[in-house]
Amino acid sequence: MTKLLEIDNLSIEFATPSGPVEVVNGVSLDIEPGQTLGLVGESGSGKSVTSLSVLRLLPNNLARVAEGDIRLNGESLLGMSEKQMQNVRGNRISIIFQEPMTALNPVFKIGRQVREAVRQHNKMSGRAAQKKTIELLSEVGIPSPEQVVNVYPHQLSGGMRQRVMIAMAMASNPEVLIADEPTTALDVTIQAQILDLMRKLQKERGTAIILITHDLGVVAELCDRVCIMYAGQIVEQGDVKTLFKEPKHPYTAGLLKSMPQFTGKENQLQAISGQVPHPADYAEGCQFAGRCSSRMEMCDTVEPESYDFGNGHRCKCHLYKEGAE
């Protein structure tokens, strides 16, 4: 199937007082039309930086793409002018941010903000835009949308605000929707409703979704494929069923073991010791070596290759190097 969005060997540097620091290193992934791809990892793994680079929303004075390319339907986004990118943002690729209270403007009513998203990429009168706004709010399950257009963000619950964000993101029927931890800070009931809504909209519109999360339970429920990200690199990727059943990377295995099992056999959760290193402290070899129970001598000095296990299942780990012990 044709690749809709491709990220090819992407490396991103941030400027610091002591010189450039690489925060994303050699990331490659792709997504097909109508597919849901999960991008998973702890905070500080580089998930949000990668997603913001797709829309070229990283500050030019702070970040730069050191290597690689990002292509939408084969066309390089990095080679586009800012005017061309304005047509891509919101129109062909939309993003839902993880905290709708800060993403929505607190001093403008909901209707005005959704209307602005509608009219940004669609030539229509104010009356037509208002009608479209009410239709969108109704489509995402907001009751009494005719009244909701006249309220401010703080007057809505977190779940309702997130539905407003989804309505704005879907206003121009984008080809790709990037959802950056869309269910964070929502209770489990509302979280399930938001996930059901995203699934429904995807089925109706055929939108490809990149779901950024640290919740593997959400990935299991919504995603077709998953990329596990650690310290600016994708350490494992594959289809969800295969990766959950046969994780190859010690980090992936650790994440799965840290999930509640609800079997009654374990008294406490298994945790991965340590934390994700700061980009300025990235190691010469494997970035996960300091936290890995399968650590070998070569892990400290040699960066592991990516090994292919078939059907798109790949893992970046020395355990699969021939002759490794």
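Everything below is about the structure printed above this text.
First things first, this report covers the structure right here in the doc. (Residues numbered from 1 in each chain as written. Predicted model: local features only at pLDDT ≥ 70, side-chain atom pairs only at ≥ 80, totals over all residues. Heavy atoms only, no water.)

Looking at the overall build of the chain
Item 1. Each helix and strand in the chain was counted, giving 11 helices and 12 strands.
Item 2. The C-alpha atoms of the chain give a radius of gyration of 21 Å, which matches the 20 Å a tight globule of 325 residues would have.
Item 3. Along the first, second and third principal axes, the C-alpha set of the chain runs to 70 × 55 × 40 Å.
Item 4. Considering only intrachain contacts with a sequence separation of at least 6, the fraction spanning at least 24 residues in the chain is 64%.
Item 5. Approximately 16,100 Å² of the chain is accessible, and the part contributed by carbon and sulfur atoms is 48%.
Item 6. Taking the 33 positively charged and 38 negatively charged side chains of the chain as two groups, their mean positions are separated by 10 Å. (Helix = DSSP H or I, 4+ residues; strand = E, 2+ residues; numbered from the N terminus. Rg over C-alpha atoms; globule rule 2.2 N^0.38 Å. Contact = heavy atoms within 4.5 Å. Areas by Shrake-Rupley, 256 points an atom, 1.4 Å probe, with all protein chains shown as cover. Lys, Arg positive; Asp, Glu negative; His and termini not counted. Charge placed at Lys NZ, Arg CZ, Asp CG, Glu CD.)

A short note on unusual backbone geometry
Item 1. In the Ramachandran plot, Arg56 falls in the positive-phi region, its phi being about 55 degrees despite a non-glycine side chain.
Item 2. Within the secondary structure, Arg56 sits in the loop between α1 (47-54) and β4 (63-72).
Item 3. Of note in this structure, Asn73 is not a glycine but carries a positive phi near 50 degrees.
Item 4. Assignment of secondary structure puts Asn73 in the loop between β4 and β5 (75-76).
Item 5. Taking relative accessible area as the criterion, Asn73 reaches 42% and is therefore assigned partly exposed. (Buried < 20%, exposed > 50% of the residue type's maximum accessible area, 1.4 Å probe, protein only.)

Concerning the sheet that holds strand β10 (residues 233-239)
Item 1. The strand order β6-β7-β8-β3-β9-β10-β12-β11 describes an open sheet built from eight strands, whose pairing is mixed. Unpaired on one side and paired on the other, β6 (93-96) and β11 (306-308) mark the two borders of the sheet. The average angle at which neighbouring strand axes cross in this sheet is 20 degrees, direction not considered.
Item 2. In the sheet, strand β7 (residues 176-180) pairs with strand β8 (residues 208-213) via five bridges, with the strands oriented parallel. Bridge pairing in β8 places Val176 opposite Ala208. (Pairing = 2+ DSSP bridges. Axes fitted to C-alpha atoms, helices over the stretch in contact; angles between N-to-C directions.)

Some remarks on the pattern of salt bridges
Item 1. All chains considered together, the criterion is met by 17 salt bridges.
Item 2. The shortest N-O distance in the salt bridge between Arg64 and Glu13 comes to 3.3 Å. Of this pair, Arg64 sits in strand β4 while Glu13 is found in strand β1 (residues 5-14), placing the two residues 51 residues apart along the sequence.
Item 3. Residue classification places Glu13 among the buried residues on the basis of a relative accessible area of 18%.
Item 4. The salt bridge partner of Lys316 is Glu303, with a shortest N-O separation of 3.1 Å. With a gap of 13 residues between them, Lys316 in strand β12 (residues 314-316) and Glu303 in the loop between α11 (250-257) and β11 connect regions that are remote in the sequence.
Item 5. Judged by its relative accessible area of 15%, Lys316 falls in the buried class.
Item 6. A single network of salt bridges, built from pairs that share partners, joins Lys3, Asp30, Glu32 and Arg225. (Salt bridge = Lys/Arg side-chain N within 4 Å of Asp/Glu carboxyl O.)

What about the pairing of β1?
Item 1. For β1, the tally of buried residues reaches seven of 10 residues, placing the bulk of the element in the interior.
Item 2. Sheet topology note: the β1/β4 ladder contains eight bridges and is antiparallel. Across the sheet, residue Ser11 finds its bridge partner in β4, namely Glu67.
Item 3. Sheet analysis places β1 next to strand β2 (residues 21-31), joined by seven bridges and oriented antiparallel. Within β2, the position partnered with Leu10 by the bridge is Val27.

Some words on α11
Residue pairs three or four apart in sequence face the same way in an α-helix, which turns once every 3.6 residues.
Item 1. In terms of burial, α11 is largely enclosed, as six of its eight residues are buried.
Item 2. Every buried residue of α11 is accounted for by Pro250, Tyr251, Thr252, Gly254, Leu255 and Leu256.
Item 3. Of the surrounding elements, those touching the buried residues of α11 are β3 (36-40), α9 (216-222), β9 (225-230), β10 and α10 (240-245).

Digging into the sheet that holds β4
Item 1. Taken together, the four strands give an open sheet; going across it, the order is β2-β1-β4-β5, and neighbouring strands pair in antiparallel fashion. Looking at the sheet topology across the chains shown, the edges are occupied by β2 and β5.
Item 2. Contacts between α1 and the sheet are confined to β1, β2 and β4, with β1 contributing the most and set at about 115 degrees to the helix.

A few points about the packing of aromatic side chains
Item 1. Within this structure, the stated rule accounts for four aromatic pairs.
Item 2. Geometrically, the ring pair formed by Phe309 and Tyr320 is edge-to-face, given 4.9 Å between the ring centres and 85 degrees between the ring planes. Within this pair, whereas Phe309 is found in the loop between β11 and β12, its partner Tyr320 is found in the segment after β12, the two being separated by 11 residues in sequence.
Item 3. If you follow Arg112 out to its NZ or CZ, it ends over the ring of Phe108, 3.7 Å from the centre.
Item 4. Residue placement shows Lys248 over the ring face of Phe309; its charged tip is 4.9 Å from the ring centre. (Phe/Tyr/Trp six-rings, centres within 6.5 Å; stacked < 30°, edge-to-face > 60°. Lys NZ or Arg CZ within 6 Å of the ring centre and 35° of its normal.)

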